[in-house]
Amino acid sequence: MPRAQFNSLWESLSAQGAESTQKLVLNYKSLETAVDGVIATLNLNACDNTGKVEAGVRGHTLLMTGVFLGGHTCLVKALVGMDPSHGCVAKLCCRSKMPEVSDVVARALM
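Quick summary incoming for the structure in this document. (Residues numbered from 1 in each chain as written. Predicted model: local features only at pLDDT ≥ 70, side-chain atom pairs only at ≥ 80, totals over all residues. Heavy atoms only, no water.)

1. Observations concerning the overall build of the chain
- When its secondary structure is counted, the chain shows three helices and five strands.
- Listed N to C, the secondary structure of the chain is α-β-α-β-β-β-β-α in terms of helices and strands.
- A principal-axis box enclosing the C-alpha atoms of the chain has dimensions of 40 × 25 × 20 Å.
- Looking at the 110 residues of the chain, the share that counts as buried comes to 40%.
- Partitioning the contacts of the chain with sequence separation of at least 6, the portion at a separation of at least 24 is 52%. (Helix = DSSP H or I, 4+ residues; strand = E, 2+ residues; numbered from the N terminus. Buried < 20%, exposed > 50% of the residue type's maximum accessible area, 1.4 Å probe, protein only. Contact = heavy atoms within 4.5 Å.)

2. A word on helix H2 (residues 31–42)
- If you check H2, its first and last C-alpha atoms are 17 Å apart, about what 12 residues at 1.5 Å a residue would give, namely 16 Å.
- Regarding H2, the residues found buried are Leu31, Ala34, Val35, Gly37, Val38, Ile39 and Leu42.
- Here the buried face of H2 lies against strand E1 (18–26), strand E2 (45–46), strand E3 (59–68), strand E4 (72–83), strand E5 (87–96) and helix H3 (99–106).
- A positive backbone phi angle near 55° is found at asparagine 43, which sits one or two residues after H2. (Expected span 1.5 Å × (residues − 1).)

3. Notes on the side chain of threonine 50
- Structurally, threonine 50 can be placed in the loop between E2 and E3.
- Apart from residues no more than four positions distant in its own chain, threonine 50 is found in contact with Arg3, Val35, His60, Thr61, Leu62 and Leu63.

So, to be careful, I would describe these as geometric facts and stop short of saying anything about function.
Put into structure tokens, the structure is as follows:
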């Protein structure tokens, strides 16, 4: 899904959907493996090439979309970064029309 389409749907779900957010410390040694691990664990599709991390950066925004059980679309923004004192950290925000879907996906990495 192109970034513009993701952003438009993200904003529409802000008004008509539910949002769940989690802050996490992840057990990964690099940003690249963390992004790959988040995609694999959530089993969602990275949008607009956001599944690839640029070399040398300390933080990355991963945009993902998928269809949850029952045909419910969910969108995820994951801000993943490397912190000198905490290691790999992430803020995961999920939006969906169903609050239960948002909660389950946001908590999937806990």
